[in-house]
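# Examining the three-dimensional arrangement
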Amino acid sequence: MSKKIDVQIIIGSKSDEPKIKSVVDVLNDFEIVHDFKVASAHRTPNYVEEIIDNAINSGVKVFITGAGMANHLSGTVAARTVLPVIGVPFSGGISHGMDSLLSTVQMPPGIPVATVAVDGAKNAAILAVEILSVNNKELQKKLIEYRHSEAEKIKNAI
Ligand code: RP5
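Presented here is an overview of the structure given in this document. (Residues numbered from 1 in each chain as written. Predicted model: local features only at pLDDT ≥ 70, side-chain atom pairs only at ≥ 80, totals over all residues. Heavy atoms only, no water.)

## Comments concerning the sheet that holds strand β5 (residues 114-115)
The condition that has to hold: When DSSP finds at least two bridges between two strands, those strands are taken to pair. Working definition: helices are DSSP H or I runs of at least four residues, strands are E runs of at least two. Numbering for both runs from the N terminus. Contact between two residues is taken to exist if any of their heavy atoms lie within 4.5 Å; hydrogens are not considered. Here, axes are lines fitted to C-alpha atoms. For helices the fit covers the stretch in contact, and angles between N-to-C directions go from 0 to 180 degrees.
The sheet built from five strands is open, its strands ordered β2-β1-β3-β4-β5 with parallel pairing. Looking at which strands have only one partner, the edges of the open sheet turn out to be β2 (34-38) and β5. As paired elements, strand β1 (residues 7-11) and β2 share five bridges and run parallel to each other. Paired with I10 across the strands is K37, a residue of β2. Relative to strand β3 (residues 62-68), helix α3 (residues 72-80) is tilted by about 150°, and along the sheet it contacts β1, β3 and β4 (85-90). Lying over the sheet, helix α4 (residues 98-105) contacts β3, β4 and β5, oriented at roughly 165° with respect to β4.

Encoded structure:
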């Protein structure tokens, strides 16, 4: 039997794929089962809804969403679920992604998007693992080990 998907990743365009790669890498490192889709809040709104509904029905626990320019994808997902949504603004638009950053982070009260830095895909993945680890001591242990190994890399960089 295939394992249940814990994280649903959605990006706004195939052209965003290199900017989300580190999410997939980190989730693979932590052996978190995830699904990856390309869908646009503006260009394929019905498909976005379909993905969200399927993800909710299949028991997904966290969404990671990213888009460049006007990132309405993250807000659209947040509007349709009470599950945590982590938004990744992408560079490429105005002022190195300031457009995407503001449209991701400036959500109205009541509908949060946990927004990471512009092109901060790695932190989005780590935050997703942290959310999943709340009731999972094994995952917490792996996160602590991961943080130690990242610190070692920095210490050994020079
Ligand atoms: C956004 O517009 C996408 O997320 C992408 O960052 C940007 C450009 O999309 P493409 O024209 O490359 O498909 O919606």
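## A closer look at helix α1 (residues 17-29)
The condition is simple: The length a helix should cover is 1.5 Å for every residue beyond the first. Note on classification: 1.4 Å probe, protein chains only; a residue is buried when its accessible area is under 20% of the maximum for its type, exposed when over 50%, partly exposed between these limits. To obtain the arc, one takes the directions from the helix axis to the C-beta atoms.
The end-to-end C-alpha distance of α1 is 18 Å, a good match for the 18 Å that 13 residues give at a rise of 1.5 Å each. For α1, the complete set of buried residues consists of I20, V23, V26 and L27. Down the axis, α1 shows its buried residues gathered within 100° of arc, on one side only. Every exposed residue of α1 that faces more than 90 degrees away from the buried side is listed here: P18 and D29. Residues of α1 that are buried make contact with β1, β2, β3, β4, α5 (121-132) and α6 (137-155). Where α1 ends, the next residue or the one after it, E31, has phi of about 55°, a positive value.

## Digging into the pattern of salt bridges
Basically, it comes down to this: The term salt bridge refers to a side-chain nitrogen of Lys or Arg lying within 4 Å of a carboxyl oxygen of Asp or Glu.
Per the counting criterion, the structure on display carries nine salt bridges. Residue K21 is joined to D25 by a salt bridge in which the shortest nitrogen-to-oxygen separation is 2.8 Å. Linking K21 with D25, this pair stays in helix α1, spanning four residues, or about one helical turn. Here E150 makes a salt bridge to K122, at a shortest N to O gap of 2.7 Å. Placement of E150 in helix α6 and of K122 in helix α5 is noted, with a sequence separation of 28 residues between them. For E150, a relative accessible area of 18% gives the class buried. Three or more residues are tied together by salt bridges with common partners; here these are K122, E150 and K153.

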